[in-house]
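# Observations on the three-dimensional arrangement
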Amino acid sequence: MRHIISVLLENEPGALSRVVGLFSARGYNIESLTVAPTEDASLSRMTIVTAGSDEVIEQITKHLNRLVEVVKVYDLSDGAHTERELMLIKVRAVGKEREEMKRTTDIFRGRVIDVTDKSYTIELTGDTAKLDAFIEAIDKTSILETVRTGASGIGRGERILRV
């Protein structure tokens with residue numbers, strides 16, 4: 001089962017590598033990883049998307065809590081949460097393809113952020129399924145390049161990850 005683990009950790013050199021090393025040493029896979037400072041410059045928020053049984057996720061959480069830099073660990077998948085991912089995708093857009101690509105982008109509520117005479121660069125934001133659906137909806141041969149951020153998530157309502 002897919003889990004989104006949110007980690008609040010000290011913003012210091014080596015913290016990221018220790019977290020990644022923990023996953024690597026135990027054979028756990030990281031599907032995506034995003035990290036950025038919080039409103040408090042001394043802390044960073046890390047969002048890890050991984051897959052595993054409840055027992056495996058519990059083990060990951062316990063191991064993460066043992067790291068010195070880790071302040072708090074929270075499995076967002078345990079309750080209501082909102083997640084988003086950003087994708088930039090460069091596609092071939094010449095002739096009749098241009099209008100069709102623009103129409104598909106509009107259907108998925110994306111934005112064309114760069115235009116050349118032969119291509120569009122499209123920005124899409126949404127959950128992973130929405131971005132995957134966009135890729136499925138367009139002709140695979142028209143994709144020139146794809147960049148995705150991985151999921152970022154936050155608990156809904158009163159669910160807060162704070163010190």
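See the structure shown above.
Here's what I pulled together on the structure shown here.

Tracing the sequence through the fold places Thr50 in strand S3 (residues 43–51). For Thr50, the side chain forms a polar contact with the main-chain oxygen of Asn29, separated by 2.5 Å. Every residue in contact with Thr50, bar those within four places of it in the chain, is listed here: Met1, Arg2, His3, Ile5, Phe23, Asn29, Glu31, Ile57 and Ile60.

Turning our eyes to something else, we now look at the environment of Lys72. Note on placement: Lys72 falls in strand S4 (residues 70–75). Those residues within four positions of Lys72 in sequence are excluded, and the remaining contacts are Ser6, Val7, Leu8, Leu161 and Arg162.

With respect to the helices, strands and loops of the structure, Ser32 is situated in strand S2 (residues 32–37). Separated by 3.4 Å, the side chain of Ser32 and the backbone nitrogen of Ala151 make a polar contact. Excluding its chain neighbours within four sequence positions, the residues that come into contact with Ser32 are Thr47, Ile48, Val49, Gly150 and Ala151.

So, on to helix H3 (residues 96–107). With 12 residues, H3 ought to run about 16 Å at 1.5 Å a step, and its terminal C-alpha atoms sit 17 Å apart, in line with that. For H3, the secondary structure elements touched by its buried residues are strand S5 (81–92), strand S6 (111–115), strand S7 (119–126) and helix H4 (128–137). Two residues or fewer past H3, Arg109 is found with a positive phi of approximately 55 degrees.

Let us now look at unusual backbone geometry. Residues other than glycine seldom take positive phi values, yet Arg109 does so here, at roughly 55 degrees. Within the fold, Arg109 resides in the loop between H3 and S6.

This part covers the sheet that holds S2. A sheet is described by the order of its strands in space; here four strands give the open sequence S2-S3-S1-S4, paired in antiparallel fashion. The open sheet is flanked by S2 and S4, the only strands paired with a single partner. Between one strand and the next, the sheet's axes are offset by a mean angle of 15 degrees, whatever the strand orientation. As defined by bridge partners, strand S1 (residues 2–10) adjoins S4 across five bridges and the pair is classed as antiparallel.

The rules we used
Residues numbered from 1 in each chain as written. Predicted model: local features only at pLDDT ≥ 70, side-chain atom pairs only at ≥ 80, totals over all residues. Heavy atoms only, no water. Helix = DSSP H or I, 4+ residues; strand = E, 2+ residues; numbered from the N terminus. Polar contact = N/O pair within 3.5 Å; in protein donor to acceptor, adjacent residues only side chain to side chain. Contact = heavy atoms within 4.5 Å. Expected span 1.5 Å × (residues − 1). Pairing = 2+ DSSP bridges. Axes fitted to C-alpha atoms, helices over the stretch in contact; angles between N-to-C directions.

Purely geometric numbers; function is a separate question.
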